[in-house]
Amino acid sequence: MLASVDDYIAIDIETTGNDPASDSITVLNAVRVVNGRSIGKFKTLIDPERKIDGKTAKRIGVNPALFEGAPKIGEMLPVFLAFIGDSAVVCHGAERMLALLERDCMKYAGKPFENHYIDTAELAGLVFPDDDAGSLDSLSKALFADNGVINKRVDT
């Protein structure tokens, strides 16, 4: 499927939890890929405007103090959307991730998020039906040498 897409954005969005209705975006990551090569990256912390508990901080790999002074989603969403443009988006677990992005696009940009997307979790389920397709760690170990270099979802 990706062979027919020569310009796409791999994204990873970290959040305060798993409920798109009530949780907040804490990290926006994106890598632009053109003709199979990474040509640009976007990464920013987002002030979730609430306290980050220790469990969430550990899950997303940050210290809660890092969010002090971080920009709010309303400030960074237009910059993120400009980076993405109208490119296809690739992400692992698109339903939850894009639900949060859709909600914030409507709230802060006044328009829906309409980019085409490819969900690598769905593709993994087709290619590796006996494996844990929901785990990006399992997928990256199946596809890449586990050399400790690939440690972020967006890089994978």
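What you are looking at is a predicted structure, and each value in this text was computed from that prediction instead of being measured.

Asks: With reference to specific residues and values, describe the overall build of the protein chain.
Replies: Secondary structure summary: the protein chain contains 5 helices and 5 strands in total. N-terminal to C-terminal, the α/β element order of the protein chain is β-β-β-α-α-β-α-β-α-α. By the burial criterion, 43% of the 156 residues in the protein chain qualify as buried. For the protein chain, the accessible area works out to roughly 9000 Å², and carbon and sulfur atoms hold 51% of it.

Asks: Account for the packing of aromatic side chains, naming residues and giving values.
Replies: As enumerated under the stated definition, the model contains 2 aromatic pairs in all. An angle of 40° between the planes, with centres 5.8 Å apart, marks the rings of Phe42 and Phe83 as tilted. Of this pair, Phe42 sits in strand β3 (residues 37-45) while Phe83 sits in helix α2 (residues 73-84), and the two are 41 residues apart along the sequence. Given a relative accessible area of 11%, Phe42 falls into the buried group. Relative accessible area serves as the criterion here: at 18%, Phe83 is assigned to the buried category. Taken together, the ring pairs in this structure connect Phe42, Phe80 and Phe83 into an aromatic cluster.

Asks: Summarise the environment of Lys72; cite the residues concerned and give the values.
Replies: Mapped onto the elements of the fold, Lys72 is located in the loop between α1 (54-60) and α2. Looking at Lys72, the relative accessible area reads 34%, which means it is partly exposed. Here the alpha-carbon distance between Lys72 and Ile25, two residues 47 residues apart in the chain, equals 9.3 Å. In this structure Lys72 touches Ile46, Asp47 and Glu49, once residues within four positions along its chain are discounted.

Asks: How would you sum up the pattern of salt bridges? Please name residues and give values.
Replies: Summed over the entire model, instances satisfying the criterion amount to 4 salt bridges. Salt-bridge contacts for Arg50 lead to Asp23; the nearest nitrogen and oxygen are separated by 3.6 Å. One end of the pair, Arg50, is in the loop between β3 and α1; the other, Asp23, is in the loop between β1 (7-15) and β2 (25-34), and 27 residues separate them in sequence. Take Arg50: its relative accessible area is 38%, and that puts it in the partly exposed class.

Asks: An account of the nonpolar core is requested, with residue identities and associated values reported.
Replies: Ranked by size, the top nonpolar core spans 24 residues in total, and within it Ile11, Leu28, Phe80, Leu101 and Phe113 carry the most contacts. Sorting the residues of this core by element identifies β1, β2, α2, β4 (88-91) and α3 (94-109) as the ones contributing at least two each. Counting residues per element, this core draws most heavily on α2, at 7 residues. Listed in part, the 6 residues of the second largest apolar core include Tyr8, Val31, Val33 and Val90.

Asks: Please set out the side chain of Arg32 residue by residue, giving values where relevant.
Replies: Relative to the helices and strands, Arg32 is located in strand β2. Within the local environment of Arg32, its side chain forms a polar contact with the side chain of Asp7, the two groups lying 2.7 Å apart. When neighbours within four sequence positions are excluded, Arg32 is seen to be in contact with Asp7, Tyr8, Ile9, Arg37, Ser38, Ile39, Gly40, Phe83, Ile84, Gly85 and Ser87.

Asks: Tell me about α3, and please be specific about residues and values.
Replies: An α-helical segment advances 3.6 residues per turn. Residues three or four places apart therefore align on the same side. Among all positions of α3, only Ala94, Met97, Leu98, Leu100, Leu101, Asp104 and Cys105 are buried. Looking straight down α3, one finds its buried side chains confined to an arc of 155°; they lie on one side. Away from its buried face by more than 90 degrees, α3 exposes Glu95 and Lys107. Taken together, the buried residues of α3 touch β1, β2, α2, β4 and β5 (117-119). Trailing α3 by a residue or two, Gly110 shows a phi angle of about 70°, which is positive.

Calculation notes
Residues numbered from 1 in each chain as written. Predicted model: local features only at pLDDT ≥ 70, side-chain atom pairs only at ≥ 80, totals over all residues. Heavy atoms only, no water. Helix = DSSP H or I, 4+ residues; strand = E, 2+ residues; numbered from the N terminus. Buried < 20%, exposed > 50% of the residue type's maximum accessible area, 1.4 Å probe, protein only. Areas by Shrake-Rupley, 256 points an atom, 1.4 Å probe, with all protein chains shown as cover. Phe/Tyr/Trp six-rings, centres within 6.5 Å; stacked < 30°, edge-to-face > 60°. Contact = heavy atoms within 4.5 Å. Salt bridge = Lys/Arg side-chain N within 4 Å of Asp/Glu carboxyl O. Core = buried A, V, L, I, M, F, W, Y, C linked by side-chain atoms within 4.5 Å. Polar contact = N/O pair within 3.5 Å; in protein donor to acceptor, adjacent residues only side chain to side chain. Arc of directions from axis to C-beta.

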